[in-house]
Amino acid sequence: MGNLLKVLTRDIENCPHFFLDFENAQPTEGEREVWKQVNAVLQDSDSILTGLQSYKGAGQEIRDAIQKPNDALLQDRAWNSVCPLVKKLKVFYSFSLRLEEALQSLLESLTCPPYTPTQHLEREQALAKQFAEILHFTLRFDELKMRSPAIQNDFSYYRRTISRNRINNKNLEMEKEVNNEMANRMSLFYAEATPMLKTLSNATTNFVTENKTLPLENTTDCLSTMASICKVMLETPDYTSRFSREDTLLFCMRVMVGVIILYDHVHPNGAFNKSSKIDMKGCIKVLKDQPADTVEGLLNALKFTTKHLNDESTPKNIRSMLQ
């Protein structure tokens, strides 16, 4: 069916085998409306990543201002350095809210009856590709954020300054841009080690909670099916050789890890126990077969951002693979 081809014919329980064309899938007429909504969000993702990658912080200016609290010139310099950075942080946070809506629209399309997750992925390949792009962006954003400790330092300084000025009855123009309520929400967002992943996890959990008539399995099977498809594509040279771009391999790995993490947060038993529909041993092996510097961040994501890895029900061999 179109770009989603069945690549192996043997029937293995809980392990669908497909080649999903992440590079070229185009929306059908039935997908177009949702695709357009999600595309309007995704088209801004590169500029968000570029903005985060170039984030330098105002560490020196803040240190100078703290060391000499009575020097008005240094206080002004720190404040004027922090304000544009906080505006940038607001843009990133606002994008996370748009991404949350986009994910819920995709989940609605990819889990609704009467089709199974596999049938949805066959019929709506362009939406599956967008789902993958959201996951790829999310892991990339969080990798960059973890390398930017300046973000929380800058934002803490901003909040302290706003509070001090409020006590002194100073009305700052900047507070109209990021008021106390917005600052509180942004603070919670940036306090997370992986804020975008947390956003997607919450969005998926909320989607399941709000759609009470939709069986949980519709959502978790969508995630496990995507993980299985990515694993098979990665471990089958005949299919990785079809990728026309070098970065598609890493894209596929990020998507696989992203759906595993979402599954682990949404499914009551998680992704690691024996009843899981995700072949965790196979997925981890696929990652470990890649150059270590390429997958270190992804293995760390499985170690530190999943929910059930350290549960007693997690087999010891799975846990030891991630040591």
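Everything below is about the structure printed above this text.
Residue numbering note: each chain is counted from 1, following its sequence as written. For a predicted model such as this one, the threshold for reporting local features is a pLDDT of at least 70, and the threshold for listing and counting side-chain atom pairs is 80 or more; totals across whole chains, interfaces and linings nevertheless cover every residue. Hydrogens and waters are ignored; side-chain quantities use all the structure's heavy atoms.

**Details of unusual backbone geometry**
Thought 1: The residue after proline 113, namely proline 114, is reached through a cis peptide bond having omega 10°.
Thought 2: Helix and strand definitions here come from DSSP, where helices need a minimum of 4 consecutive H or I residues and strands a minimum of 2 consecutive E residues; each element is numbered from the N-terminal end. Here proline 114 shows up in the loop between helix H4 (72-111) and helix H5 (117-123).

**Section: the side chain of serine 109**
Thought 1: Tracing the sequence through the fold places serine 109 in helix H4.
Thought 2: The classification of residues rests on relative accessible area computed with a 1.4 Å probe and restricted to protein chains. Under 20% of the type maximum is buried, over 50% is exposed, and intermediate values are partly exposed. Relative accessible area serves as the criterion here: at 17%, serine 109 is assigned to the buried category.
Thought 3: Aside from chain neighbours lying at most four places away, what touches serine 109 is Val34, His120, Glu124 and Leu127. Any two residues whose heavy atoms approach within 4.5 Å are treated as being in contact.

**Focus on the pattern of salt bridges**
Thought 1: Any carboxyl oxygen of Asp or Glu that lies within 4 Å of a side-chain nitrogen of Lys or Arg is treated as forming a salt bridge with it. Considering all chains together, one arrives at eleven salt bridges under this definition.
Thought 2: Close ionic contact of lysine 231 with glutamate 235 constitutes a salt bridge, the shortest N to O distance being 3.1 Å. Separated by four residues within a single helix, lysine 231 and glutamate 235 lie in helix H11 (residues 216-235), roughly one turn from each other.
Thought 3: The class of lysine 231 is buried, set by a relative accessible area of 6%.
Thought 4: Connected via shared salt-bridge partners are Arg140, Glu143 and Arg254.

**Description of empty space enclosed by the protein**
Thought 1: The rule is simple: put a 1 Å grid over the protein atoms alone, call a set of points where a 1.4 Å probe fits but cannot get out a cavity, call an open set with protein on both sides within 12 Å along at least five of seven lines a pocket, and count a residue as lining if it has an atom within 4 Å of a point. Grid points are joined across faces, edges and corners, and a volume is the space filled by probe spheres set on the points. For the coordinates displayed, the defined rule picks out one cavity of 30 Å³ or more.
Thought 2: One number sums up the size of the largest cavity: a volume of about 80 Å³.
Thought 3: Of all the secondary structure elements, the ones that give two or more residues to the lining of the largest cavity are helix H6 (125-146) and helix H15 (292-304).
Thought 4: For this classification, the nonpolar set comprises Ala, Val, Leu, Ile, Met, Phe, Trp, Tyr, Cys and Pro, the charged set comprises Asp, Glu, Lys and Arg, and every other residue, Gly included, is treated as polar. Split by residue class, the lining of the largest cavity holds five nonpolar, three polar and two charged.

**Comments concerning the nonpolar core**
Thought 1: Ranked by size, the top nonpolar core spans 98 residues in total, and within it Phe22, Phe131, Phe141, Tyr158, Met226, Ile260 and Leu287 carry the most contacts.
Thought 2: Here this core gets 16 residues from one element, more than from any other, and that element is H4.
Thought 3: With residues up to four places along the chain from it excluded, the contact list for tyrosine 158 reads Trp79, Val82, Val86, Met174, Glu175 and Val178. Buried Ala, Val, Leu, Ile, Met, Phe, Trp, Tyr and Cys residues form a nonpolar core when they are joined through side-chain atoms within 4.5 Å.

**A closer look at the environment of glutamine 130**
Thought 1: With respect to the helices and strands, the residue glutamine 130 is situated in helix H6.
Thought 2: Given a relative accessible area of 2%, glutamine 130 falls into the buried group.
Thought 3: Placed 24 residues apart in sequence, glutamine 130 and leucine 106 show a C-alpha to C-alpha distance of 8.1 Å.
Thought 4: Glutamine 130 has contacts with Val34, Trp35, Val38, Asn39, Leu42 and Leu106, leaving out every residue within four places of it along the chain.

**Structural notes on the environment of proline 149**
Thought 1: In this structure, proline 149 sits in the loop between H6 and helix H7 (150-167).
Thought 2: Linking proline 149 and lysine 56, residues 93 residues apart in sequence, is a C-alpha distance of 9.8 Å.

**Quick look at H15**
Thought 1: A helix is expected to span 1.5 Å multiplied by its residue count minus one. The end-to-end C-alpha separation of H15 is 17 Å, in line with the 18 Å expected for 13 residues at 1.5 Å each.
Thought 2: Within H15, the full set of buried residues consists of Val295, Leu298, Leu299, Ala301 and Leu302.
Thought 3: Residues of H15 that are buried make contact with H6, helix H13 (248-266) and helix H14 (280-288).

**Observations concerning the packing of H4 against H11**
Thought 1: Here an axis means a line fitted to C-alpha atoms, over the contact stretch when the element is a helix, while the angle between two N-to-C directions is reported on a 0 to 180 degree scale. Remark: H4 packs on H11, axes separated minimally by 10 Å, with the N-to-C direction vectors making an angle of 100°. Considering their axes alone, H4 and H11 lie roughly perpendicular with respect to each other. For the pair formed by H4 and H11, the contact residues are Leu107, Leu110 and Thr111 on the first element and Asn218, Thr219 and Cys222 on the second.
Thought 2: When the residues that make up the contact of H4 with H11 are grouped by side-chain class, the tally is three nonpolar, three polar and no charged. Here is the rule for angles: anything less than 35 degrees is roughly parallel, anything more than 145 is roughly antiparallel, 65 through 115 is roughly perpendicular, and the remaining ranges are oblique.

**Section: the packing of H4 against H6**
Thought 1: Put simply, H4 and H6 touch, their axes get as near as 10 Å, and they point 150° apart. Put simply, H4 runs roughly antiparallel to H6. For the element pair H4 and H6, the recorded crossing hand is left-handed. On the side of H4, the interface is formed by Phe92, Phe95, Leu99, Ala102, Leu103, Leu106, Ser109 and Leu110, while H6 contributes Leu127, Ala128, Gln130, Phe131, Ile134, Phe137, Thr138 and Phe141.
Thought 2: Taken together, the residues of the contact of H4 with H6 sort by class into 13 nonpolar, three polar and no charged. Helix crossings get a hand from a simple test, with the near helix turned counterclockwise from the far one by less than a right angle marking a left-handed crossing and a clockwise turn marking a right-handed one.

**Comments concerning the packing of aromatic side chains**
Thought 1: Note on aromatic contacts: the rings of Phe and Tyr and the six-membered ring of Trp form a pair at centre separations within 6.5 Å, being stacked when their planes are under 30 degrees apart, edge-to-face when over 60 apart, and tilted otherwise. If you walk through the whole model with that rule in mind, you get nine aromatic pairs.
Thought 2: Here the aromatic rings of tyrosine 93 and phenylalanine 189 are separated by 5.5 Å at their centres, their planes lie at 70°, and the arrangement is edge-to-face. With tyrosine 93 in helix H4 and phenylalanine 189 in helix H9 (residues 180-191), the pair connects residues that are 96 residues apart, well separated along the chain. The two residues tyrosine 93 and phenylalanine 189 agree in class, both being buried.
Thought 3: Counting every residue linked through ring pairs, the aromatic cluster contains Trp79, Tyr93, Phe155, Tyr158, Phe189 and Tyr190.

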